[in-house]
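Per-entry structural report
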Amino acid sequence: MTDKALHVLKEVFGYDQFRPPQDAVIKRVVAGDDVLVIMPTGGGKSLCYQLPALLRQGTAVVISPLIALMEDQVAALRQLGVRVACLNSSLDYVSQQDVEMSLRQRQLDLLYIAPERLLQPRTLSLLESCDIALFAIDEAHCVSQWGHDFRPEYLQLAALGERFPSVPKIALTATADKRTQEEIVERLHLHNASTFVQGFDRPNIRYRIAQKNRAREQLLRFLKSEHPNDAGIVYCLSRKRVEETAAWLNERGFAALPYHAGLSADLRAHHQQRFLNEEGVIMVATIAFGMGIDKPNVRFVAHLDLPRSIEAYYQETGRAGRDGQPADAWMVYGLQDVIFLRQMLESSTAEEGRKQVERQKLEAMLGLCEITSCRRQVLLSYFGDEEHEPCGNCDTCLEPVPEWDGTEAARKALSAVFRTGQRFGVNHVVDVLLGNTTDKVKAEGHDRQSTWGIGKELGRNAWRSVFRQLVARGYLGVDGEGFGVLHLTERCRALLRGEEVLHLREDKRETEQSFSKGRS
Ligand code: ADP
Ligand code: ZN
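Residues numbered from 1 in each chain as written. Chains lettered and ligands numbered in written order. Predicted model: local features only at pLDDT ≥ 70, side-chain atom pairs only at ≥ 80, totals over all residues.

1. Points about the overall build of the chain
Here is the rule we go by: Per the convention used, a helix needs a DSSP run of H or I reaching at least four residues, while a strand needs a run of E reaching at least two, with both numbered from the N terminus. Counting other C-beta atoms within 10 Å of a residue's own tells you its class, since 20 or more makes it buried, 12 or fewer makes it exposed, and anything in between is partly exposed; those C-beta atoms are placed from the backbone. This entry defines residue contacts through backbone-placed C-beta atoms, with two residues in contact when those atoms are within 7 Å.
Within the chain, the secondary structure is distributed over 23 helices and 17 strands. Out of the 520 residues in the chain, the part that is buried amounts to 42%. Sequence separation of 24 or more characterises 74% of the internal contacts of the chain that already satisfy a separation of 6 or more.

This is the structure:
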């Protein structure tokens, strides 16, 4: 089979070799197995079903929700001499008849079809009377109810398995964490499916996540020492922060432009053009910026605020270094980020199930920040790609993070939160631990409590680091309303009972890290 596949690859598609895992996927599909393929956009998913379509007998049916993409693909395949058509709502009656006729007469290698069209009883009967080579289900994550692109029609695709039990199914998507992957297999009734995850690694991107300590100054030092004249993107969470940061960088001699949804369409387009066409422009932006931007020489993506999920972080940082040259994904993050995102989540009006999913996504993102082993391993394993050695090109690989036994400190911190009635934010609780006599401490009578002054062995920054890690790891919860009031969670029990040892990151006092080694 491999020879034949290679031959078609060359003759029809004009390529010399497969990109992994195309060959493995194609082998499975040609053999009649179900598979799930997760590859980033541009990775080469289409070939995984287009080539088997030519090798297997009958017509391959490709289910795709996006009519524009469908039409692009059909046009491209026609150019290659492949016999292909599509069925969707944009066709007139006569053209539809033509397509159905060619299908019946076995003149099609591939048929692209929108899910709602496929599911019409008439279409299903038509297909049943034909020879179907395979079903390819594109954008398969649309079957996930918790994803952002849920499409109810996709749930009904489960019926394909019953009506066409001997036809192999290949599901493809660019965005599915491990949980979504399981959901796809289950809901599309993929049978004994092998899952292929590949191509998420961006080896030229160096990942770094440092503690936030006057973020703008940190950014300035980073830009001055590493990217004085480079194009890059700085992401901030709010429009206000975008405006302020862009103005501030401008005053310091950088060509920085703001971009967010609050600017007029004209101005946004203008800034985008300048970013694309001029050298060394820095775009300071909310997440509104980036979709479909293809600028190969973006040398850095900096985050001044924490993204809400690993998917978002991966997508945003992925805009750096498309040319394959070294690029930086640089982020600073701190206690306030954790508190802010937790609060936003808790106070949102979303239903509980949805919130639970968002919570898990945030948890994973925080895990990536707090990890003391290789960041790339965590990032890739989130997408199901488990087979990576420590990368040697992230901060934790380049400068291993010291850990310390924070069990005792954590217990003190938790006790102080508990003793003060779980009614205060971090700053006040730290004052209590340090034995400070602020007005608030006196007014509340907290200087007469047993936890007052029990934490003098650490400084304020060290305590903030302890609290950040306790919140990030879910030992402390943050109330949805108001001022970041901390409370204990279930998870504390073992720790408070002395049944658990807690290792914490030792955060550097000096936030600037030296990254002289490793970059060639
Ligand atoms: P995806 O659907 O994963 O976003 P595509 O299937 O559109 O990606 O492929 C992205 C690009 O890679 C296309 O230009 C395609 O022609 C090219 N490509 C795919 N497979 C190969 C290969 N084996 N060798 C060279 N180029 C390839
Ligand atoms: Zn690493």
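On we go from here.
2. What to know about the sheet that holds strand S4 (residues 110–113)
For the record, the criterion: DSSP calls a pair of strands paired once it identifies at least 2 bridges connecting them. Axis angles are defined between N-to-C directions and span 0 to 180 degrees, where every axis is a line fitted to C-alpha atoms and, for a helix, only to the segment in contact.
With respect to topology, seven strands assemble into an open sheet ordered S3-S4-S2-S5-S6-S1-S7, the strand pairing being parallel. What marks the edges here is a single partner per strand, and that holds for strand S3 (84–87) and strand S7 (194–197). Put simply, the sheet's adjacent strands are angled 20° from each other on average, direction ignored. Strand direction decides the pairing type here: strand S1 (residues 35–38) and strand S6 (residues 169–173), joined by four bridges, are parallel. For Val 35, the partnering residue across the bridge sits in S6 and is Ile 170. The strands touched by helix H3 (residues 47–55) within the sheet are S1, strand S2 (59–63), S4, strand S5 (132–137) and S6, with S5 carrying the most contacts at an inclination of about 175°.

3. Looking at the sheet that holds strand S12 (residues 300–303)
Strands sit in the order S8-S13-S12-S9-S11-S10 across an open sheet of six strands; the sheet is parallel. In the strand order of this sheet, the two ends are held by strand S8 (205–211) and strand S10 (256–259), each with one partner. Here the average twist between neighbouring strands, direction ignored, is 15°. Of the strand pairs in this sheet, S12 and strand S13 (residues 327–333) are connected by four bridges, and their pairing is parallel. Along S13, the bridge assignment pairs Phe 300 with Asp 328. Contacts from helix H11 (residues 215–226) reach S8, strand S9 (232–235), S12 and S13, with the element oriented near 160° to S13.

4. A look at unusual backbone geometry
A negative phi holds for most residues other than glycine; trans holds for most peptide bonds. Cis geometry marks the peptide bond from Pro 20 to Pro 21; its omega dihedral reads 0°. Of note in this structure, Arg 106 is not a glycine but carries a positive phi near 60°. Along the polypeptide, Arg 106 turns up in the loop between helix H5 (93–104) and S4. Judged by C-beta crowding, with 13 C-beta atoms within 10 Å, Arg 106 ranks as partly exposed.

5. Quick word on the packing of helix H2 (residues 22–30) against H3
Cut-off, in case you're wondering: Orientation labels follow simple angle bins: below 35 degrees gives roughly parallel, above 145 gives roughly antiparallel, 65 to 115 gives roughly perpendicular, and whatever is left gives oblique. Less than a right angle of anticlockwise turn of the near helix away from the far helix marks a crossing as left-handed, whereas a clockwise turn marks it as right-handed.
Orientation of H2 relative to H3, taken along the N-to-C sense of each, is 40°, at an axis distance of 9 Å. Classified by the interaxial angle, the pair formed by H2 and H3 is oblique. Crossing handedness for the pair H2 and H3: right-handed. Every residue of H3 that contacts H2 at Gln 22, Val 25, Ile 26, Val 29 and Val 30 is listed here: Leu 47, Cys 48, Tyr 49, Leu 51, Pro 52 and Leu 55.

6. Focus on the site of ligand 1
Definition in use: Note on definitions: a residue is near a molecule or strand provided its C-beta atom, placed from the backbone, lies within 6 Å of it. Amino acid classes used here: Ala, Val, Leu, Ile, Met, Phe, Trp, Tyr, Cys and Pro are nonpolar; Asp, Glu, Lys and Arg are charged; the rest, including Gly, are polar.
Taken together, the neighbourhood of ligand 1 is formed by Tyr 15, Phe 18, Arg 19, Gln 22, Met 39, Thr 41, Gly 42, Gly 43, Gly 44, Lys 45, Ser 46 and Leu 47. Looking at the shell around ligand 1, its residues break down into four nonpolar, six polar and two charged.

7. Points about the pairing of S2
Within S2, five of the five residues are buried, which leaves the element mostly enclosed by the surrounding structure. Burial of the side chains of S2 extends over both faces: Thr 59, Val 61 and Ile 63 are buried on one face and Ala 60 and Val 62 on the other. Pairing of S2 with S5 involves five bridges; the strand directions are parallel. Considered in S5, the bridge of Thr 59 is made with Ile 132. Across four bridges, S2 lies against S4 in parallel orientation. Its bridge partner lying in S4, Val 62 is registered against Tyr 112.

8. Considering the environment of Arg 308
For Arg 308, the position within the fold is in the loop between S12 and helix H14 (310–317). Given 17 C-beta atoms within a 10 Å radius, Arg 308 is considered partly exposed. Between the C-alpha atom of Arg 308 and that of Met 70, which follows or precedes it by 238 residues, the distance is 31 Å. Among all residues touching Arg 308, those that are not within four sequence positions of it are Leu 341, Lys 361, Leu 362 and Met 365.

9. Some points on the environment of Thr 286
Position of Thr 286 relative to the elements: it lies in the loop between strand S11 (282–285) and S12. It is 9.8 Å that separates the C-alpha atoms of Thr 286 and Ile 233, two residues lying 53 residues apart in sequence. Setting aside anything within four residues of it in sequence, one finds Thr 286 in contact with Cys 236, Arg 239, Val 242, His 260 and Ala 261.

10. Description of the environment of Leu 124
Mapped onto the fold, Leu 124 is located in helix H7 (residues 121–128). Between the C-alpha atom of Leu 124 and that of Cys 236, which follows or precedes it by 112 residues, the distance is 48 Å.

11. Topic: helix H16 (residues 352–370)
Cut-off, in case you're wondering: By definition here, a helix of n residues has an expected span of 1.5 Å times n minus one. When we speak of the arc, we mean the arc of directions from the helix axis to the C-beta atoms.
Compared with an ideal rise of 1.5 Å per residue, which puts 19 residues at 27 Å, H16 spans 26 Å between its outermost C-alpha atoms and is within 8% of the ideal. When H16 is considered as a whole, its buried residues turn out to be Lys 361, Leu 362, Met 365, Leu 366, Leu 368 and Cys 369. The arc that holds the buried residues of H16, viewed along the axis, is 150°, so those residues lie on one side. Structural note: H16 exposes Glu 352 and Gly 353 on the side pointing more than 90 degrees away from its buried face.

12. Concerning the packing of helix H20 (residues 426–434) against helix H22 (residues 460–472)
At their nearest, the axes of H20 and H22 sit 10 Å apart, and the two run at 125° to each other. Comparing their axes, H22 and H20 come out oblique. Along this stretch, H20 crosses H22, giving a crossing that reads as right-handed. Where H20 approaches H22, its residues Val 426, Val 430, Leu 433 and Leu 434 are matched on the opposing element by Arg 460, Trp 463, Arg 464 and Phe 467. Grouping the amino acids of the contact of H20 with H22 by side-chain chemistry returns six nonpolar, no polar and two charged.

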